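Residue strings, one per chain:
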Amino acid sequence: MSGNKEEEDPRINGIKTKIRVVPDFPKKGIMFQDITTVLLDPKAFKDTIDLFVERYRDKNISVVAGIEARGFIFGPPIALAIGAKFVPLRKPKKLPGETIFEEYELEYGNDRLEMHIGAVEAGDRALVVDDLIATGGTLCAAINLLERVGEEVVECACVIELPELKGRQRLKGKPLCMLVEYR
Amino acid sequence: MSENEVKDPRIDGIKTKIRVVPDFPKKGIMFQDITTLLLDPKAFKDTIDLFVERYRHMNISVVAGIEARGFIFGAPIALAIGAKFVPLRKPKKLPGEIIFEEYELEYGSDRLEMHVEAVDSGDRALVVDDLIATGGTLCAAMNLLRRVGAEVVECACVIELPELNGRERLEGKPLYVLVEYR
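Description of the structure in this document.

Parameters at a glance
- Residues numbered from 1 in each chain as written.
- Chains lettered and ligands numbered in written order.
- Predicted model: local features only at pLDDT ≥ 70, side-chain atom pairs only at ≥ 80, totals over all residues.
- Heavy atoms only, no water.
- Helix = DSSP H or I, 4+ residues; strand = E, 2+ residues; numbered from the N terminus.
- Rg over C-alpha atoms; globule rule 2.2 N^0.38 Å.
- Buried < 20%, exposed > 50% of the residue type's maximum accessible area, 1.4 Å probe, protein only.
- Contact = heavy atoms within 4.5 Å.
- Phe/Tyr/Trp six-rings, centres within 6.5 Å; stacked < 30°, edge-to-face > 60°.
- Lys NZ or Arg CZ within 6 Å of the ring centre and 35° of its normal.
- Buried area = accessible area lost by both parts, 1.4 Å probe.
- Polar contact = N/O pair within 3.5 Å; in protein donor to acceptor, adjacent residues only side chain to side chain.
- Expected span 1.5 Å × (residues − 1).
- Disulfide = S-S within 2.5 Å.
- Pairing = 2+ DSSP bridges.
- Axes fitted to C-alpha atoms, helices over the stretch in contact; angles between N-to-C directions.

Brief notes about the overall build of chain B
The secondary structure content of chain B amounts to five helices and nine strands. The helix and strand sequence of chain B, counted from the amino end, reads α-β-β-α-α-β-α-β-β-β-β-α-β-β. Against the 2.2 N^0.38 benchmark of 16 Å for 182 residues, chain B shows a C-alpha radius of gyration of 16 Å, consistent with a compact globule. Looking at the 182 residues of chain B, the share that counts as buried comes to 55%. Long-range pairs, those at least 24 residues apart, make up 58% of the contacts in chain B with a sequence separation of at least 6.

Focus on the packing of aromatic side chains
All names here are of chain B. The full count for this structure, using the stated rule, is eight aromatic pairs over all chains. Look at Phe44 and Phe73: their rings are 5.9 Å apart centre to centre, the planes differ by 85°, and that puts the pair in the edge-to-face class. Placement of the pair is Phe44 in helix 3 (residues 41-55) and Phe73 in helix 4 (residues 69-81), with a sequence separation of 29 residues. Pair check on accessibility: Phe44 and Phe73 agree, each one buried. Between Phe71 and Phe85, the aromatic rings sit 6.0 Å apart at their centres with planes inclined by 90°, giving edge-to-face as the arrangement. With Phe71 in helix 4 and Phe85 in strand 4 (residues 84-88), this pair connects stretches of sequence that are 14 residues apart. Between Arg111 and the ring centre of Phe100, over which it is positioned, the NZ or CZ distance is 3.6 Å.

Some remarks on unusual backbone geometry
Between Phe25 of chain A and Pro26 of chain A the backbone carries a cis peptide bond, its omega angle lying at 0°. Cis rather than trans, the peptide bond between Phe24 of chain B and Pro25 of chain B has omega equal to -5°. Its identity as a non-glycine residue notwithstanding, Lys166 of chain A has a phi of 60°, on the positive side. Tracing the backbone shows Lys166 of chain A in the loop between strand 8 (152-161) and strand 9 (176-181). Positive phi, normally seen in glycine, also occurs at Asn165 of chain B, with a value near 60°. Looking at where Asn165 of chain B falls in the secondary structure, it is placed in the loop between strand 8 (151-160) and strand 9 (175-180).

Looking at the interface of chain B and chain A
With 35 residues of chain B at the interface, the matching set in chain A holds 34 residues. For the chain B and chain A pair, buried surface summed over both sides reaches about 2700 Å², with 73% attributable to carbon and sulfur atoms. For the pair chain B and chain A, the number of links is six residue pairs in polar contact (both at pLDDT 80 or more). Residue assignment for the side of chain B that touches chain A shows that the elements contributing at least two residues are strand 1 (19-22), strand 2 (30-33), helix 2 (35-38), helix 3, helix 4 and strand 4 of chain B.

Comments concerning helix 3 of chain B
Residue and element names in this part refer to chain B. The end-to-end C-alpha separation of helix 3 is 21 Å, in line with the 21 Å expected for 15 residues at 1.5 Å each. Burial in helix 3 covers these residues: Ala43, Phe44, Asp46, Thr47, Ile48, Leu50, Phe51, Val52 and Tyr55. You can read the cap of helix 3 off the contacts: a side-chain oxygen lies 3.0 Å from the backbone nitrogen of Lys42, and it is on Asp40.

Some remarks on the state of the cysteines
All names here are of chain B. Inspection of every chain in the model, using the stated rule, returns zero disulfides over all chains. As a non-bridged cysteine, Cys139 has Cys155 as the owner of its nearest cysteine sulfur, 9.1 Å distant. Classification of Cys139 as buried rests on a relative accessible area of 11%. The cysteine Cys157 is free of any disulfide, with Cys155 supplying the nearest cysteine sulfur at 6.7 Å.

Structural notes on the sheet that holds strand 4 (residues 85-89) of chain A
Residues and elements named next belong to chain A. With respect to topology, five strands assemble into an open sheet ordered 4-3-7-8-9, the strand pairing being parallel. A single partner strand is all that each edge strand has here, and the edge strands are strand 4 and strand 9. The mean angle between the axes of side-by-side strands here comes to 20°, regardless of whether they run parallel or antiparallel. Summarising the sheet, strand 3 (residues 63-67) and strand 4 pair through five bridges and their orientation is parallel. Bridge pairing in strand 4 links Ala65 to Val87. Each of strand 3, strand 4, strand 7 (125-133) and strand 8 is contacted by helix 5 (residues 137-148), which is oriented at about 160° to strand 8, the strand it contacts most.

In structure tokens:
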């Protein structure tokens, strides 16, 4: 995990081989990292969750925040296993209660990430989960939302990192844990 | 669950955690908000456990979860019973070869997509979403699975709005829910 090759857990290679790379999706030049093929292998999916759970179970994490939508696949199983609350961070207008939002940049234009107010309390220790970190823009927005309500963001956890996009540098100094790099 | 069964004591705890938000997304709709359930680790765990206990011995090979709240419940169920998890998604999100089903909205229609290679004949499938209202989305989900030859064993939802008669749109397939909202 986290690029420390000497101690790479043997389960990681099994996970990496299950990730399907789809060229030119959603547009030319992008090598899309498709995790749906990992989800089709019950052992690989379980190993993915187990690796994160083993890392976080003794870190007193009280909140797992998952980014819509693929963060909703990995975040809830982690939350359940470590006994933490699960908080969905959503696209605009999906959450019915009172929300706060953060804008983040897309290649063309902006988007927003929303969170319910009152979901988490100041003093909660939070983990942010998504399937992949690219530029880090969405994760940065997630960190901002949680910090604005007084959360301590302990770490960000992703299955895949695209290190050439330098997303790590956009995490406001928060550590990143990832299982697989794609170069 | 049918009304004749003795109700599992965990169900009341789950029901009390669901927040009803009036007039969302528009006037007259009493929105069933499950995010408050997810904030209670015991209630969330109980929800998943109730489904897992029902399905673990039914030889389910695929759990299909409907974007996006079906992912939150479907993925943990799949993991616990050792089944594949297949996300059924809004248009243009899945990168591989897909099939789609259209379903009606109040105004207009939408599409649900599935990767064709994810599921095949011989798979026994469970469809999961947080809630069944009119049943249109679940019906589309079942059609996708059946088109690739899978057997849909059951649909599972946390909440049912029985007055909308969604059950009748499931073409005879059984529906299992934990909580009704009338």
